[in-house]
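Coordinates in review
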Amino acid sequence: MNFAIAIHGDAATSESPRLALRFARAAIAKGHRIHRVFFYHAGVSVANSLVVQPQGEADTAAEWAAFAKEHGVELAVCVAAALRRGVLGQDDATRYERAVANVNPVFQIVGLGQMIEAAISADRFVTFCA
Amino acid sequence: MTPRRILFVISHAPQRGALALEMLDELLVGAVFEQEVSALFIDEGVFQLVDSGDTQGNVARGYRALPTYDVSEVFVDADSLKKRGLAVDSLAIPVRALTRGGVRKLVAGQDVVVPD
């Protein structure tokens, strides 16, 4: 089966990214595919490469990035939600004259249309709320 | 390709910063993609359809745009309205009230359900 996943919470204040990762790992282990993982609302913070986890604590964002690389899974972050929360790619940092770009390059910066496209294309669309 | 039935389920109060407006954005994009988009307001979510006047982030004003987009239908859970002392005619847009049984049927008939 082809899954699409939406993540609505950030790793610091919700279980959403961690639970979604466990779901994604289980799906791949069972031979399913993941069409796209869409980070929306506070979930965009998972793409923020400036987050530093204290030693000994789980780094869910790093685990997502490693998982995506290993299995060729697309991680997509909504541009509008990301701008609101200070998560910027190089183009946006230049356009809005911000000092740094901080999106982890593993993430694609996309529009909301990609969320709807995923909802249309995948067999199942699973949301992990904040 | 036949359009998919996508239901957005709004169950949170509007006072959550940008979250309510972001959900509205998502819903409108779904309609632009010519899918069979509908919305269900349930629990605290029914407050998102109460026009609270000139306050910042009044999402009910945004929901007034729904009829100009191709949003199939807007539903509310009748029980949620009643518990909060609201009625269908006190909401910002025309809605169809459903019983809990009707809500279950609505959700079961969807291809995709997106919660807030």
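For the structure itself, consult the block above.
I will try to describe carefully the structure that is included in this document. Small disclaimer: the values here were computed from a predicted structure and weren't measured.

Remarks on the overall build of chain B
Of regular secondary structure, chain B possesses four helices and five strands. Counting helices and strands in the order they occur from the N terminus, chain B gives β-α-β-α-β-α-β-α-β. By its C-alpha atoms, chain B is 40 × 30 × 20 Å across when sized along the principal axes. Per-residue burial for chain B yields a buried fraction of 41% across its 116 residues. Sequence separation of 24 or more characterises 72% of the internal contacts of chain B that already satisfy a separation of 6 or more.

A look at the sheet that holds strand E1 (residues 5-10) of chain B
Residues and elements named next belong to chain B. The strand order E4-E3-E2-E1-E5 describes an open sheet built from five strands, whose pairing is parallel. Both edges of this open sheet fall to strand E4 (96-98) and strand E5 (112-115), since each of them pairs with a single strand only. Neighbour-to-neighbour, the strand axes of the sheet open up by a mean angle of 25°, direction not taken into account. Sheet topology places E1 next to E5; four bridges connect them, and they run parallel. For Ile6, the partnering residue across the bridge sits in E5 and is Val112. Sitting on the sheet, helix H1 (residues 19-32) touches E1, strand E2 (36-41), strand E3 (71-77) and E5, and the angle it makes with E1 is about 165°. Along the sheet, helix H4 (residues 100-108) contacts E1, E2, E3, E4 and E5; its crossing angle with E4, the most-contacted strand, is approximately 105°.

Focus: the environment of Phe3 of chain A
Residues and elements named next belong to chain A. Inspection of the secondary structure assignment puts Phe3 in strand E1 (residues 2-7). Among the residues examined, Phe3 registers 21 C-beta atoms within 10 Å and is labelled buried. Excluding its chain neighbours within four sequence positions, the residues that come into contact with Phe3 are Ala27, His32, Arg33, Ile34, His35, Ala122, Asp123, Arg124 and Val126.

What to know about the nonpolar core
The biggest cluster of nonpolar side chains holds 77 residues, and the ones touching the most others in it are Phe39, Val77 and Cys78 of chain A. Sort the elements by how many residues they give to this core and H1 of chain B lands first, with seven residues. For Val77 of chain A, the residues in contact, after removing those within four places along its chain, are Phe39, Val44, Ala47, Ala82, Val87, Val103, Phe107 and Ile109 of chain A.

Examining the interface of chain B and chain A
Of the residues lining the interface, 14 residues belong to chain B; the matching set on chain A comes to 14 residues. Counting residues per element, the ones that place at least two in the side of chain B that touches chain A are H1 and E5 of chain B. No other element matches H1 of chain B, which puts six residues into the side of chain B that touches chain A. Considering only residue class, the side of chain B that touches chain A consists of eight nonpolar, two polar and four charged.

Observations regarding unusual backbone geometry
Excluding glycine, a negative phi dihedral is what most residues carry, and trans is how most peptide bonds are arranged. For Glu97 of chain A, which is not glycine, the phi dihedral falls at a positive 55°. By secondary structure assignment, the location of Glu97 of chain A is in the loop between helix H4 (90-95) and strand E4 (107-110). Phi is positive for Asp43 of chain B, close to 55°, though the residue is something other than glycine. On the secondary structure map, Asp43 of chain B appears in the loop between E2 and helix H2 (59-63). Note on Asp43 of chain B: 16 C-beta atoms within 10 Å, which makes it partly exposed.

Notes on the pairing of E1 of chain B
All names here are of chain B. Most of E1 sits inside the fold, with five of its six residues counted as buried. Note that E1 and E2 share six bridges and pair parallel. Residue pairing across strands places Leu7 opposite Ser38, the latter belonging to E2. In this view, the connection linking E1 to its parallel neighbour E2 by way of H1 has right-handed handedness.

So, the sheet that holds strand E3 (residues 75-78) of chain A
Residue and element names in this part refer to chain A. Taken together, five strands build an open sheet; the order of strands is E4-E3-E2-E1-E5 and the sheet is parallel. A strand with exactly one partner marks an edge of an open sheet, and here the two such strands are E4 and strand E5 (124-128). When strand polarity is set aside, the average angle formed by the axes of neighbouring strands in this sheet is 25°. Across three bridges, the pairing between strand E2 (residues 33-39) and E3 is parallel. Bridge assignment links Phe38 to a residue of E3, and that residue is Ala76. Against the sheet, helix H1 (residues 16-29) makes contact with E1, E2 and E5, and its axis sits at roughly 170° relative to E1, the strand it touches most.

Conventions adopted
- Residues numbered from 1 in each chain as written.
- Chains lettered and ligands numbered in written order.
- Predicted model: local features only at pLDDT ≥ 70, side-chain atom pairs only at ≥ 80, totals over all residues.
- Helix = DSSP H or I, 4+ residues; strand = E, 2+ residues; numbered from the N terminus.
- Buried ≥ 20, exposed ≤ 12 C-beta atoms within 10 Å, placed from the backbone.
- Contact = placed C-beta atoms within 7 Å.
- Pairing = 2+ DSSP bridges.
- Axes fitted to C-alpha atoms, helices over the stretch in contact; angles between N-to-C directions.
- Core = buried A, V, L, I, M, F, W, Y, C linked by C-beta atoms within 7 Å.
- Nonpolar A, V, L, I, M, F, W, Y, C, P; charged D, E, K, R; others polar.
- Right-handed = clockwise from strand over helix to strand, strands pointing away.

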